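# Secondary and tertiary structure notes
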Amino acid sequence: MQNLTIVMYHYVRPLAGSRYPELKALELDNFRGQLAHIERNYTVIDMEQLIAAVGPEAVPLPENPLLLTFDDGYMDHIDHVLPLLNARGWQGSFFPPACSVIDRRVLDVNKLHFVLASVADPETLVRYVFSAMDEAREDHGLERNEAMFARIAHDSRYDDPATTFVKRALQRELPEAFRKSLVDSLFSRYVSSDEQDFAAELYMGERELTHLLDAGMFIGSHGCQHYWLNSLERDAQIQEIDNSLAFLERLGVPRKDWVMCYPYGGYDESLLGILRSRGCAVGLTTEVKVANLADCDPLTLPRLDTNDLPMSAGTPRRQSHIATPEP
């Protein structure tokens, strides 16, 4: 067994002159430069090679192996990523959540990204959340604003305290129904009042995903509703996994040796047991390091964010990591 570099991508797009130039995405020119760096220094492998390497026969990987993974099923991936991978004869592994494809719903985490990209000062959003908390404090038993901010708003890897607070409060900390109503309100106010139209522009549909498969790309599970799977009870975890597998079968993805990519990197022992019982071969986390295949559980492989590899010079780096990790 050997070390394997697994790189995680989310948004990949030309930002300059776009409608959302402040979106924390990977600039397309930087992606081109990064692929050139990868071509010089690594051997890009297919997901099938990884599955064989962690399987019973432990088929060895080539020297300096690297796996390319793309989360959340964005149209970016077919518009901008696929042509560049095809030109090099490389496979990418793509992980779309079923709900954004089937129901044409914008994930709450994506709503937050575009709200943050549309509001110049994140303190504006902090004040909005504080005001809403004041009105709902007794109904939901919420802690004081200043106490919550002090508890969750410390600097994260990529975000200032105000942005970190908005992300954590509206992704996990506040009660689900309450935080969802706040996210919906902010999205409607600052981004779009037509969620389905926005979703159709943001995410791939079944036709695009089938095209990826036809082009030799790999598609795996990213859950159905894009939940923090480690926050769910076991029955809800089972439902999420089984629904996501039904979605993959609908696309024509084989059920044998399938791959799980955990939304937000969240998993627990209960979930791992469910995955093993359903024949999952590989699980991808958001833990930041190179995978040592001799030591790692194949269902908890770490990945590097795109920012952890060199990019082309002359363009500022922008993070592509979807969620602010838990402290």
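The structure contained in this document is the topic of the report that follows. (Residues numbered from 1 in each chain as written. Predicted model: local features only at pLDDT ≥ 70, side-chain atom pairs only at ≥ 80, totals over all residues. Heavy atoms only, no water.)

## Observations concerning the overall build of the chain
Along its length, the chain carries 13 helices and eleven strands. Relative to the 2.2 N^0.38 estimate, which gives 20 Å for 327 residues, the radius of gyration of the chain is 20 Å and therefore close to what a compact globule would have. With the C-alpha coordinates aligned to their principal axes, the bounding extent of the chain is approximately 60 × 50 × 35 Å. Taken over 327 residues, the chain has a buried fraction of 55%. Taking all contacts inside the chain whose residues are at least 6 apart in sequence as the whole, residues at least 24 apart take part in 68%. Of the roughly 13,700 Å² of accessible surface on the chain, a fraction of 47% belongs to carbon and sulfur atoms. (Helix = DSSP H or I, 4+ residues; strand = E, 2+ residues; numbered from the N terminus. Rg over C-alpha atoms; globule rule 2.2 N^0.38 Å. Buried < 20%, exposed > 50% of the residue type's maximum accessible area, 1.4 Å probe, protein only. Contact = heavy atoms within 4.5 Å. Areas by Shrake-Rupley, 256 points an atom, 1.4 Å probe, with all protein chains shown as cover.)

## Considerations on unusual backbone geometry
Look at D72: it is not a glycine, yet its phi comes out positive at around 85°. Looking at the element boundaries, D72 is found in the loop between β5 (65–71) and α3 (75–88). Of the residues examined, D72 reaches a relative accessible area of 1% and is grouped as buried. For Y264, which is not a glycine, the phi torsion comes out positive at approximately 65°. Assignment of secondary structure puts Y264 in the loop between β8 (258–261) and α13 (269–277).

## Some points on the packing of helix α12 (residues 234–251) against α13
Put simply, α12 and α13 touch, their axes get as near as 10 Å, and they point 40° apart. Accordingly, the angle class assigned to the pair α12 and α13 is oblique. In the packing of α12 onto α13, the handedness of the crossing is right-handed. For the pair α12 and α13, contact is made by R234, Q237, I238 and I241 and by S270, L271, I274 and L275, respectively. The residue inventory of the contact of α12 with α13, partitioned by class, reads five nonpolar, two polar and one charged. (Axes fitted to C-alpha atoms, helices over the stretch in contact; angles between N-to-C directions. Parallel < 35°, antiparallel > 145°, perpendicular 65-115°, else oblique. Left-handed = near helix turned anticlockwise from the far one by under 90°. Nonpolar A, V, L, I, M, F, W, Y, C, P; charged D, E, K, R; others polar.)

## Describing a negative patch on the surface
Residues D121, E123, D155 and D160 make up a contiguous surface patch of negative charge. Looking at the element boundaries, E123 is found in helix α6 (residues 122–140). Judged by its relative accessible area of 34%, E123 falls in the partly exposed class. (Patch = residues over 30% accessible without salt bridge, like charges linked within 9 Å, V, L, I, M, F, W, Y side chains within 5 Å. Salt bridge = Lys/Arg side-chain N within 4 Å of Asp/Glu carboxyl O. Lys, Arg positive; Asp, Glu negative; His and termini not counted. Charge placed at Lys NZ, Arg CZ, Asp CG, Glu CD.)

## Here's the deal with the pairing of β5
Within a regular strand, side chains alternate between the sheet's two faces. Among the seven residues in β5, seven count as buried, and that is most of the element. Side chains of β5 alternate between two faces, with P65, L67, T69 and D71 and L66, L68 and F70 buried alike. The pairing of strand β1 (residues 3–9) with β5 spans five bridges and is classified as parallel. Its bridge partner lying in β5, I6 is registered against L67. Direction of pairing for strand β4 (residues 43–44) relative to β5: parallel, over a ladder of two bridges. For T43, the partnering residue across the bridge sits in β5 and is P65. Once you follow β4 into helix α2 (residues 47–54) and on to β5, the crossover reads as right-handed. Sheet topology note: the β5/strand β6 (residues 93–95) ladder contains three bridges and is parallel. Bridge pairing in β6 links D71 to F95. A crossover links β5 with its parallel partner β6, the connecting element being α3, and its sense is right-handed. (Pairing = 2+ DSSP bridges. Right-handed = clockwise from strand over helix to strand, strands pointing away.)

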